[in-house]
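# Analysis of the macromolecular model
Now for the letters of each chain:
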Amino acid sequence: PESVAALTPDAVLAAIGSTPIVPPIPGLADADYRLGIDAYAAPEKLGQEVVVIGGGQVGCETALHLVEQGHDVTVLEMQEKILVDASASYRNRLTRNMGYHDNLKTVTGGRCTGITSAGVTYQDAEGNEQLLPCGSVVMAAGMRPRQADALALYDPTYRVYTVGDCDKAANVQKAVRAAFAAAISI
């Protein structure tokens, strides 16, 4: 905030992003897991069988990338459908691309209950405890906007616009639209 104020701006577009949500899953602290946004860096360091916890855009895009790198991937999603955060056209395209791979499976309606040396445990829609064997876990359970950091930029001498994930975690299309709207209003 001090650096921004020192510039004496007329307006500030805060686009400082979001941070990954890491739910308090039993066993996660002892598990070898990666965040969805970090899984692209070294997919060869992941085990052959990977469970991606979270079936939104980040989770499904990461799963598709890992499958294309030769991994066997299962996406575990709490909701009844995957990709609920995607636009209809993108959801259809990504779902179709995911369907081309026999080594990519999805489990919906499953709430992750723990991570063990054997894999990821979850409660299915009927309340039964299930196990997804895996060697690696990728966490893609959503993003938390950095609203507090953005609010710290506010100053009475200039206007601050929050755009992108620091306002509400979404996708690139929504971030660009918000930035455009802010820019034309200045």
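Above: the structure in question.
One structure accompanies this document, and this report is about it. (Residues numbered from 1 in each chain as written. Predicted model: local features only at pLDDT ≥ 70, side-chain atom pairs only at ≥ 80, totals over all residues. Heavy atoms only, no water.)

## Overview of the environment of Gly-70
Structurally, Gly-70 can be placed in the loop between helix H2 (57-68) and strand S5 (72-77). Relative accessible area serves as the criterion here: at 41%, Gly-70 is assigned to the partly exposed category. Along the primary structure Gly-70 and Cys-60 are separated by 10 residues, whereas in three dimensions their C-alpha atoms are 15 Å apart. For Gly-70, the residues in contact, after removing those within four places along its chain, are Gln-48 and Asn-103. (Helix = DSSP H or I, 4+ residues; strand = E, 2+ residues; numbered from the N terminus. Buried < 20%, exposed > 50% of the residue type's maximum accessible area, 1.4 Å probe, protein only. Contact = heavy atoms within 4.5 Å.)

## Focus: H2
Here H2 spans 16 Å end to end across 12 residues, near enough to the 16 Å set by a 1.5 Å rise per residue. Among the 12 residues in H2, 9 count as buried, and that is most of the element. On the buried face of H2, the contacting elements are strand S4 (49-53), S5, helix H3 (88-99), strand S6 (104-108) and strand S10 (136-139). Where H2 ends, the next residue or the one after it, Gly-70, has phi of about 100°, a positive value. (Expected span 1.5 Å × (residues − 1).)

## With respect to the pairing of S10
Walk down a regular strand and you will see the side chains alternate between the two sheet faces. Side chains Ser-136 and Val-138 project from S10 onto one buried face, and the interleaved Val-137 and Met-139 project onto a second face that is buried too. Where strand S3 (residues 33-35) and S10 come together, 3 bridges link them in parallel fashion. Bridging across to S10, Leu-35 finds its partner in Met-139. Examined bridge by bridge, S4 and S10 share 4 bridges and lie parallel to one another. Across the sheet, the residue bridging to Val-50 is Ser-136, located in S10. (Pairing = 2+ DSSP bridges.)

## What about the pattern of salt bridges?
Following the criterion strictly, the structure yields 2 salt bridges and no others. Residues Arg-34 and Asp-32 are paired through a salt bridge, measuring 3.5 Å at the closest nitrogen-oxygen approach. A residue is classified by how much of its surface remains accessible, and Asp-32, at 51% relative accessible area, is exposed. Across the salt bridge formed by Asp-149 and Arg-146, the nearest N and O atoms sit 2.9 Å from each other. (Salt bridge = Lys/Arg side-chain N within 4 Å of Asp/Glu carboxyl O.)

## Section: the sheet that holds strand S8 (residues 119-123)
In spatial order, the strands read S7-S8-S9; together these 3 strands make up an open sheet with antiparallel pairing. At either end of the open sheet lies a strand with only one pairing partner, and these are strand S7 (111-116) and strand S9 (129-133). With direction set aside, neighbouring strand axes in the sheet form an average angle of 25°. Sheet topology note: the S8/S9 ladder contains 5 bridges and is antiparallel. Across the sheet, Gln-123 pairs through a bridge with Glu-129, a residue of S9. (Axes fitted to C-alpha atoms, helices over the stretch in contact; angles between N-to-C directions.)

## Some points on empty space enclosed by the protein
Across all of its chains, the model carries 1 cavity of 30 Å³ or more by this definition. The computed volume of the largest cavity comes to approximately 60 Å³. What lines the largest cavity is simply Pro-20, Leu-35, Gly-36, Ile-37, Val-58, Met-139, Ala-140, Ala-141, Gly-142 and Met-143. The residue inventory of the lining of the largest cavity, partitioned by class, reads 8 nonpolar, 2 polar and no charged. (1 Å grid on protein atoms, 1.4 Å probe; cavity = no way out; pocket = protein on both sides within 12 Å on 5 of 7 lines; lining within 4 Å. Points joined across faces, edges and corners; volume = space filled by probe spheres on them. Nonpolar A, V, L, I, M, F, W, Y, C, P; charged D, E, K, R; others polar.)

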